[in-house]
Amino acid sequence: KIWLSVSDEDAWVVATVIRGPQSGHVRLRRDDAPPGVDIEVERPEAEVAACSIVSDSEPTLAACEDIVGLGDVNFGAMLHSFRLRLEKDRIFTNIGPVLVVMNPYRPVDSCAPSTMLEMAKKTSASTDANDLPPHAHSSVARAYSSMVQGKHGTPQSVLVSGESGAGKTETIKLCMAALANISRSTGSTTEAALESGLLLEAFGNAMTVYNHNSSRFGKWCSLHFGADAKISSGVIQSYLLEQSRIVSAPSGERNYHIFYYMLAGMPEPLRSQLYLYDSPADYAYLRDGEAKAPGIDDATGWEELTSRLQLTGFDEAEQRTLFELLAAVLALGNVRFAEADAAEVANPSTDKEDNPGKVADAAALSVVADLLGMKQKELEAKLTTKVLKINGPSVFSKRLTRQGSTYTLALSPEQCGDTRDAVARAVYSAVFDHVIKRLNQTLGAGSIAASDRRSIGFLDIFGFENFAFNSFEQLCINFTNERLQAQFTDSLIKRQQEEWKREGVHCAHISFPDNAGQIELLDNSKGGVLALLDEECAVPKGSDEGYVSKMHTAFASNELYCKPRRGKGAALHGGKPGVVTKYDALQFIVHHYAGEVQYTASRWLEKNRGTLHPDLPKLLAGSSRPLLASLFAERAAADETKRATVGASYRSSLRALSQTMAATTQHFIRCIKPNMEQRPDHFNGQVVSRQLRYTGVAAVVEIQRAGYPISYTHASFIGRYRCVAFDKPELLAMAQSDPRQCCAGILEYAQKLAGESAPKEPWLESLLAQVGATKVWLRAEVLNALEVPRRSVTGRAAVACQRLPPPPLPHPPPPRARGRRPGR
């Protein structure tokens, strides 16, 4: 039996060879197949020879709590184990140091609050957290146990990642609850820490096509502990809030939850005071998306939101101010622009595209001005014009008006709309940052000493993304995952090397997989993908097309980068005439560790600059609303033109995060969704396989395969292969007295019996196999060769058993006498 890769949703199956090679092909029978799929298949002989053999551990896959313990770690066995365990509601599985969580899409007993409390009670009496079964609670228990060791403690981190819909948010909730239970922490700080994540869901989560409650930002939450080992303070840091969603809810998705909570639950008279309409369809920023999200009650969401704001330190006045600004963001989207009439334009143009824009709906603008606390005329002027300083001789343009050394540029209707959206994004992002700042005040972040080592940090980060249309946000997200994958791989390799060192196994000759090339391509400060984008942003007439063209030239010989495959732009944008050429010219492909992604650099320079025209921060800082004025005061005083780009700021913060995590003992949790339809009790092997690759879990198998993918304890190896040395009794006699030498002897003798297909060089001398202190370590080709004499011996034994005369049948019992029983 072998593990066979298939193209249907099973992905990997157990298959039995039913006919040997004929014309270079082998016929196999699958153990199972979906409806409509042939159970018998033919595959090339070379492909079958490269497949992993199903080991004796296959029947125990459902009970296997750590995949590495299978001995032969391969993709087929790993996938089959996940399938069997999910069927039994065992959603947690270890792969070495990695906890894999399979989203069941329904409540399971192992995650119930009562179960978590019971586990905490048992943990307190446990002498070794490493003996706990796979569970989010167990990962946290190990982190906590390691953290409290030593006089000053040892910082820990728990890294949770996965695709949208894989269950990251729920897993983080389980981890936080488990930590509070294990540490016996109570009080306002602990309560605020537990509620903070739920509060941020309202501001930073949204419904997407893959997940009804998708986090659209990354979050690092570090909890710190006092001398009594209980939670004493915490600090939260966010990464890369998805700003494009603020001004446009994609089809089939929604904007951020907070807007729908306000519309569904805000009571009178506050509702009227904030000029709120009744329906999302009344708002330009909401109407293109869905009004409802399955499983989310927006009215209840409002009640929980206000309760959590109160719990985390926001009084009624602060809450009202937040809602005023959020209502202003919604109202901004309803401000429309049209071309100014000829009579209204100082220098009218015969070219309509050259004519300036004007506000088409003064009533909508009036609402925004009131909510933002500023004069309507001043707001209108800043949305429809901008002031320029032009050095050198005078400049003439139909849309420029000179005032001394400055010029006022009248914006076109499209530019007015872009300015409006930029203000909306800036206000919402500032509110989001303010909420986090206030949470940190409540958590006592300011009291944390830089030298404090009693901490456990939780990283809830977006997983690798690859959509039909991938933009700047996806590049930043995937760059993040490249960085995290490098740390993940380094940790796995270090762990494996430490085990080999304990075993006395040589490993200097082993070359491990890494993604250093991808990180160099993206993050090289002197010419990487992101650096070239910053460079193009600094060019006076820089463009998206110019940026992509420079990359095509700079990375022409880089195997991790390539030009687009022509014609995809048409498919992505409906095949509209004139659009195909434009988008094809903006596309490029990066080969990430998880696979290739095609990006489209449309409006990337604008997104990367992330700046407002200098007039706008000053306008917002001059608001009569104290909160809004304070949010933009620092930005208004600075030079907006010298503001760091979004990409540069993000890379800097990501490096700082990487350094923070590198100073901790890391614990990894990977969340996986078993299917794309969010259906309980359904396992799609292809979907899971892709995620195992995207989340880096496949690296565990790759690292094992780079070294010694198969390992047996001495006793297991002797028990399985002693049959090949039955004619060497003196060798088998050492099984008890010197098992290590016995294993080495079996390997040497088996190589002589293996035949022509076995590797020719001496297995032990060439390090194709090594016998460690407690285990035998084998390359896959050695295992396959070992099976040849083993099958030969067991086959001859089976034939011999068939030749034996059958045992005599037992004599039938004598017939029982008929009649009444005694006593009747």
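Residues numbered from 1 in each chain as written. Predicted model: local features only at pLDDT ≥ 70, side-chain atom pairs only at ≥ 80, totals over all residues. Heavy atoms only, no water.

Student: I keep staring at the overall build of the protein and nothing clicks. Help me out?
Tutor: If you tally the helices and strands in the protein, you get 30 helices and 24 strands. Along the three orthogonal principal directions, the C-alpha set of the protein runs to about 115 × 70 × 65 Å. Scored against the burial criterion, the 824 residues of the protein give a buried share of 52%. Intrachain contacts of the protein at a sequence separation of at least 6 include 67% that bridge at least 24 residues. Accessible surface computed for the protein: about 37,800 Å², of which carbon and sulfur atoms make up 52%. Averaging the positions of the 92 positive and the 93 negative side-chain charges in the protein gives two centres separated by 3 Å. (Helix = DSSP H or I, 4+ residues; strand = E, 2+ residues; numbered from the N terminus. Buried < 20%, exposed > 50% of the residue type's maximum accessible area, 1.4 Å probe, protein only. Contact = heavy atoms within 4.5 Å. Areas by Shrake-Rupley, 256 points an atom, 1.4 Å probe, with all protein chains shown as cover. Lys, Arg positive; Asp, Glu negative; His and termini not counted. Charge placed at Lys NZ, Arg CZ, Asp CG, Glu CD.)

Student: What am I meant to see in the pairing of strand β19 (residues 587-592) here?
Tutor: Remember that side chains alternate between the two faces of the sheet whenever the strand is regular. Counting buried positions along β19 gives 5 out of 6 residues, so the element sits mostly inside the fold. Pairing between strand β18 (residues 561-562) and β19: 2 bridges, direction antiparallel. What sits directly across from Cys562, in β19, is Ile589. Inspection of the sheet shows β19 paired to strand β20 (residues 595-600) by 6 bridges, in the antiparallel sense. Bridge pairing links Ile589 to Gln598 in β20. If you look at the hairpin formed by β19 and β20, you'll find 2 residues sitting between the two strands. (Pairing = 2+ DSSP bridges.)

Student: Help me out: how do you make sense of helix α6 (residues 188-204) in this one?
Tutor: Helical geometry note: an α-helix holds 3.6 residues per turn, so side chains three or four residues apart project in the same direction. End to end, α6 covers 23 Å across 17 residues, agreeing with the expected 24 Å (1.5 Å per residue, within 8%). The sharpest bend along α6 comes to roughly 35°, located at Glu195. (Expected span 1.5 Å × (residues − 1). Bend = angle between axes of the 7 residues up to and from the residue.)

Student: Which parts of the structure should I look at to understand the confidence of the model for the protein?
Tutor: Do not read the fine detail of predicted coordinates wherever pLDDT is low. Scored by pLDDT, the protein comes out at a mean of 88, with 91% of its residues at no less than 70. Predicted confidence for residues 348-353 stays below pLDDT 50, and this span has 9 contacts to residues more than four positions away or in other chains. Low pLDDT, under 50, characterises residues 819-824; the stretch is placed with 0 contacts to residues that sit more than four places away or in other chains. (pLDDT = per-residue confidence, 0-100.)

Student: Mind showing me how you'd approach the packing of aromatic side chains here?
Tutor: To describe a pair of aromatic rings, one takes the distance between the centres and the angle between the planes. Evaluation of the coordinates by the stated rule reveals 25 aromatic pairs. Centroid distance Phe469 to Tyr583: 6.2 Å. Interplanar angle 75°. Geometry classified as edge-to-face. Remark: Tyr583 occurs in helix α19 (residues 579-584) and Phe469 occurs in the loop between β17 (455-462) and α14 (472-503); sequence separation between them is 114 residues. Exposure remark for Phe469: the relative accessible area of 31% places this residue in the partly exposed category. With centroids separated by 5.6 Å and ring planes inclined at 85°, the aromatic side chains of Phe588 and Trp604 adopt a geometry described as edge-to-face. On the criterion of sequence distance, the pair formed by Phe588 in strand β19 and Trp604 in helix α20 (residues 604-609) is long-range, its members being 16 residues apart. As far as the burial class goes, Phe588 and Trp604 line up, both buried. Here a set of aromatic residues connected by ring pairs shows up, and it is made of Phe472, Tyr547, Phe555, Tyr561, Phe588, Tyr599 and Trp604. The side chain of Arg438 reaches across the aromatic face of Phe314, ending 5.0 Å from its centre. Here Arg670 stacks its cationic end above the ring of Phe488, 4.4 Å away from the centre of that ring. (Phe/Tyr/Trp six-rings, centres within 6.5 Å; stacked < 30°, edge-to-face > 60°. Lys NZ or Arg CZ within 6 Å of the ring centre and 35° of its normal.)

Student: Teacher, can you tell me more about the packing of α14 against helix α15 (residues 516-523) here?
Tutor: Between two packed helices, the angle of one axis relative to the other and the distance separating the axes together describe the packing. Across the interface, α14 lies against α15 with an axial gap of 10 Å and an inter-helix angle of 140°. As far as their axial angle goes, α15 and α14 are oblique. α14 and α15 meet at a crossing whose hand is left-handed. Packed against α14, whose contacting residues are Leu475, Phe479, Glu482, Arg483 and Ala486, the element α15 presents Gln518, Ile519, Leu522 and Asp523 at the interface. The residue makeup of the contact of α14 with α15, split by class, is 5 nonpolar, 1 polar and 3 charged. (Axes fitted to C-alpha atoms, helices over the stretch in contact; angles between N-to-C directions. Parallel < 35°, antiparallel > 145°, perpendicular 65-115°, else oblique. Left-handed = near helix turned anticlockwise from the far one by under 90°. Nonpolar A, V, L, I, M, F, W, Y, C, P; charged D, E, K, R; others polar.)

Student: In this structure, what is going on with the environment of Val98? I would like to understand it.
Tutor: Within the element layout of this structure, Val98 appears in strand β6 (residues 98-102). Its relative accessible area of 0% is what places Val98 among the buried residues. Residues Val98 and Ser139, spaced 41 residues apart in sequence, show a C-alpha to C-alpha distance of 9.2 Å. Not counting chain neighbours up to four residues away, the residues in contact with Val98 comprise Thr93, Phe488, Leu492, Phe668, Arg670 and Val700.

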